[in-house]
Amino acid sequence: MTTEGMPDPDPQLSTITATSPVLADGLSTSDIVVRIVDKYNRPIEGAKIKITASGEGARLMQPDSLTSSNGQLTARLSATSPGKKVLSASILPKNIFIERTCTVIFELGNPRISIVSGQSQQGTVGQKCPQPLVVLLKNGDNLFVGQYVRFIVESGGGNFDGQ
């Protein structure tokens, strides 16, 4: 038993898990569950947990509470940048680290297309239109760079040669 009257947590049996993949839009979240158990795999109630998240754009929303009667604490993670975010957890006040970490993958998802220039132009047959066709592909704050975009002439009998 610890001096706080709580069984010693087992850092090998205790776990951290999270849902993945998640959109990197700053709004969608991964659900994180930390479960603290003793060496007999019994849940430990009342443990104070600190969760950390590494990776660009990671935002952790952790309640200031203790583990429940089933030994669990829940939190959420969102991100504004795509990529891997690694989660770890420690048990306070002794800073006992849970040996397993957890990885959440944040993806760009489907972009929204915004027209920048070149819409609704008219021109002479065989001549280039005066403005280039330019679109912006974006999901939240994330730009999609170097992606393939297909332009289609919907009326007027023209064509697009990609130049």
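Our subject is the structure that appears above.
Below or above, wherever it landed, is the structure these notes cover.

Conventions used here
Residues numbered from 1 in each chain as written. Predicted model: local features only at pLDDT ≥ 70, side-chain atom pairs only at ≥ 80, totals over all residues. Heavy atoms only, no water. Helix = DSSP H or I, 4+ residues; strand = E, 2+ residues; numbered from the N terminus. Buried < 20%, exposed > 50% of the residue type's maximum accessible area, 1.4 Å probe, protein only. Salt bridge = Lys/Arg side-chain N within 4 Å of Asp/Glu carboxyl O. Polar contact = N/O pair within 3.5 Å; in protein donor to acceptor, adjacent residues only side chain to side chain. Contact = heavy atoms within 4.5 Å.

This paragraph deals with unusual backbone geometry. Pro21 follows Ser20 through a cis peptide bond whose omega is 0°. In this structure, Pro21 sits in the loop between strand S1 (15–18) and strand S2 (22–23). With a phi angle near 65°, Asn41 is a residue other than glycine that sits in the positive phi range. Tracing the sequence through the fold places Asn41 in the loop between strand S3 (30–35) and strand S4 (48–54). Under the relative-accessibility criterion, Asn41 is labelled partly exposed at 42%.

To continue, consider the pattern of salt bridges. Side-chain pairs of opposite charge can arise where the charged atoms are in close proximity. In this structure the tally under the stated criterion is three salt bridges. Residues Arg76 and Asp31 are paired through a salt bridge, measuring 2.8 Å at the closest nitrogen-oxygen approach. Separated by 45 residues along the polypeptide, Arg76 in strand S6 (residues 72–79) and Asp31 in strand S3 bring together distant segments of the chain. For Arg76, a relative accessible area of 41% corresponds to the partly exposed category. Asp31 gets classed as partly exposed once you look at its relative accessible area, which sits at 37%.

This part covers the side chain of Asp38. Residue position: Asp38 is located in the loop between S3 and S4. Residue classification places Asp38 among the buried residues on the basis of a relative accessible area of 4%. Only 2.9 Å separates the side chain of Asp38 from the backbone nitrogen of Tyr40, close enough to count as a polar contact. In this view, Asp38 contacts Pro7, Asp8, Pro9, Asp10, Leu13 and Ile44; residues no more than four positions away in its chain are not counted.

Any functional reading would require information that these geometric values do not contain.
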